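Analysis of the macromolecular model
The primary structure of each chain is shown beneath.
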Amino acid sequence: MKVLSVVGARPQFIKAVVVSKKLRQKGINEILVHTGQHYDFNVSDVFFKELNLPKPNYYLGVGSGLHGEQTGKMLIEIEKVILKEKADLVIVYGDTNSTLAGALAVSKLRIPVAHVEAGLRSYNKNMPEEINRVLTDHISDILFCSSKVAVENLKKEGITKNVYLVGYVMLDIALVDINEVLKKYNLEYKNFILVTIHRAENTDNLENLKNIWEALVEIAQNNIKIFFPIHPRTKKALKENKLLGNNIPNNLILSEPISYKEMVALEQSAKLIITDSGGVQKEGPFFGTPCIILRNETEWTEIIDIGFNKLVGTKKENIVKTSLKIFNEEKIYAPVREFYGDGRAGEKNSKGYCFKL
Ligand code: UD1
Ligand code: UDP
């Protein structure tokens, strides 16, 4: 059996590690296609190296661009690979332009498509990811869901066939020793805030970007250490809008994006995470670290409903107030893991393929 996996952006490399390992263990021939949506070392190669993800069989080198341009280039190149490789199944992950391009290219060739992380909805069509999710789900043949809510969302849209509740693949990756990482970045256990920002609605909207940046500066001025590995998109936006001036407080530490193992170590040891990332808002709770989410809605509603993560939007006062409150609490939180399976999603995904084909 031959499976073709399409990846292209940071979270997809991490998700593919888990599934890819299981597929290969089962003797399935996996052809890995990297669209090139992410290309800088610290948002792409670092994950292949650190997590031993096999070198892609095809690197399409699509790069950055407008949505239509980027997705269109991917479609053209993915179609060529699929026609050449004649795979039995194509796997796509998450909700990026690489996900949609992979699913769309394959669906008209009538090769089955499996979508890992199906059924998530923010119900906000201003997010490019929401368009990618909905379209991908509707043209996929096998839908692997991370949560019950995702299964229900699909049901509301009439999708009930070949839907599998398998859990969240990223829970499967082994934990790491944190002390070395804390030392490297000069951080103390449960005495700093970890920040990641990259959503278009925050980087490309100056009001939101300014609010977020000013909130971080104000929190740091309250004698709180902040560690902020900056996504390339966010770095570009902060620079273009001249927000990265000389007046950055010493304890607001800016870094290039970090590797996955380092990220997981910091997610465990931060007191609080401020983020707009889909992945990070679940990883924090896995380790008992609450997240403040700088968005107005989220696809991962379960952790909000129990009050562990907080949706605060992008108003400066709200970000500062909620951050200081949580940072100064004595409370120690228990890990939240009950919503997204048992850490064996990769295995279940790969079994799914075997059973159905
Ligand atoms: C993409 C996904 C988003 C996902 C995120 C993960 C889409 C529409 N968005 O967002 O869902 O959460 O990846 O990180 O698919 N850039 C670089 N170097 C790189 C890659 C990008 O400098 O290696 C810069 C470029 O200026 C580029 C910008 O970042 O234009 C945005 O990159 P893009 O891949 O279009 O979207 P992301 O914001 O990374
Ligand atoms: N991540 C990482 N290094 C960083 C920031 C994030 O390894 O500097 C990891 C993070 O742990 C998570 C994934 O990247 O597993 C999330 O990716 P991102 O936030 O870019 O995308 P999203 O999940 O929002 O689609």
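All values reported here derive from a predicted model rather than from experimental measurement.

Taken together, 19 residues lie near ligand 2, and Arg199, Ile258, Ser277, Gly278 and Glu283 sit nearest. Between serine 277 and ligand 2, the recorded distance is 2.6 Å, taken from a side-chain N or O atom to an oxygen atom. Backbone polar atom of glycine 279 to an oxygen atom of ligand 2: 2.7 Å apart, as the coordinates give it. Contact with the protein chains removes 96% of the 540 Å² of surface that ligand 2 exposes when unbound. For the shell around ligand 2, the secondary-structure elements that each account for two or more residues are helix H1 (10–25), helix H11 (260–269) and helix H12 (280–286). A class-by-class count of the residues in the shell around ligand 2 yields ten nonpolar, five polar and four charged. For the shell around ligand 2, the two domains that each supply at least three residues are domain 1 (2–168 + 341–356) and domain 2 (179–327).

We now examine the site of ligand 1. The full set close to ligand 1 counts 20 residues, and His38, Asn97, Glu129, His198 and Arg233 are the nearest of them. In the model, an oxygen atom of ligand 1 is placed 2.7 Å from a nitrogen or oxygen of the asparagine 97 main chain. Here an oxygen atom of ligand 1 sits 3.4 Å away from a polar atom, N or O, in the side chain of lysine 236. In the complex, 89% of the free accessible area of ligand 1, which totals 740 Å², lies under the protein chains. Put simply, the parts of the chain that give the shell around ligand 1 at least two residues each are helix H3 (67–85) and helix H10 (232–240). When residues of the shell around ligand 1 are assigned to their parent elements, the largest contribution, three residues, is made by H10. When the residues that make up the shell around ligand 1 are grouped by side-chain class, the tally is five nonpolar, nine polar and six charged. Three or more residues apiece are contributed to the shell around ligand 1 by two domains, here domain 1 (2–168 + 341–356) and domain 2 (179–327).

Turning to the pattern of salt bridges, a few remarks are in order. Taken as a whole and judged by the stated rule, the model has 20 salt bridges. The partner of lysine 2 in a salt bridge is glutamate 85, and the shortest N-O contact between them spans 2.8 Å. Of the two residues, lysine 2 is situated in strand E1 (residues 2–7) and glutamate 85 in helix H3; the sequence distance between them amounts to 83 residues. With relative accessibility at 14%, the residue glutamate 85 sits in the buried group. Ionic pairing is found between lysine 184 and glutamate 262, a salt bridge with its closest N-O pair at 2.7 Å. Placement of the pair is lysine 184 in helix H7 (residues 179–184) and glutamate 262 in helix H11, with a sequence separation of 78 residues.

As a general feature of sheets, a regular strand has side chains that alternate between the two faces. Counting buried residues along E1, five of its six residues qualify, which places the element largely inside the surrounding structure. In this fold, E1 hands off to H1, which returns the chain to strand E2 (residues 29–34); that crossover is right-handed. One ladder, built from four bridges, connects E1 with strand E4 (residues 89–93); its direction is parallel. The residue bridging serine 5 from the neighbouring strand is isoleucine 91, located in E4.

The next subject is the sheet that holds strand E11 (residues 272–275). The parallel open sheet is built from six strands, whose spatial order is E10-E9-E8-E11-E12-E13. Across the chains shown, the open sheet's two edge strands, defined by having one partner strand only, are strand E10 (252–255) and strand E13 (310–311). Of the strands in this sheet, strand E8 (192–196), strand E9 (225–229) and E11 touch H11, which is tilted by about 135° from E8.

Before going further, it helps to examine the domain arrangement of the protein chain. When its domains are assigned, the protein chain resolves into domain 1 (2–168 + 341–356) and domain 2 (179–327). Counting residues at the interface gives 22 residues for domain 1, matched by 21 residues for domain 2. Interface area for domain 1 against domain 2, summed over the two sides, is near 1,800 Å², with a carbon-plus-sulfur share of 61%. Contact with domain 2 buries surface across domain 1, with Asn42, Glu50 and Tyr168 losing the most and accounting together for 29% of the total. On the surface where domain 1 and domain 2 come into contact, there are two salt bridges. Of the charged contacts in the structure, one is a salt bridge between arginine 133 and glutamate 299, with a shortest N-O distance of 3.3 Å.

Scoring rules and cut-offs
- Residues numbered from 1 in each chain as written.
- Chains lettered and ligands numbered in written order.
- Predicted model: local features only at pLDDT ≥ 70, side-chain atom pairs only at ≥ 80, totals over all residues.
- Heavy atoms only, no water.
- Near = heavy atom within 4 Å.
- Polar contact = N/O pair within 3.5 Å; in protein donor to acceptor, adjacent residues only side chain to side chain.
- Areas by Shrake-Rupley, 256 points an atom, 1.4 Å probe, with all protein chains shown as cover.
- Helix = DSSP H or I, 4+ residues; strand = E, 2+ residues; numbered from the N terminus.
- Nonpolar A, V, L, I, M, F, W, Y, C, P; charged D, E, K, R; others polar.
- Domains from an automatic or database assignment.
- Salt bridge = Lys/Arg side-chain N within 4 Å of Asp/Glu carboxyl O.
- Buried < 20%, exposed > 50% of the residue type's maximum accessible area, 1.4 Å probe, protein only.
- Right-handed = clockwise from strand over helix to strand, strands pointing away.
- Pairing = 2+ DSSP bridges.
- Contact = heavy atoms within 4.5 Å.
- Axes fitted to C-alpha atoms, helices over the stretch in contact; angles between N-to-C directions.
- Buried area = accessible area lost by both parts, 1.4 Å probe.

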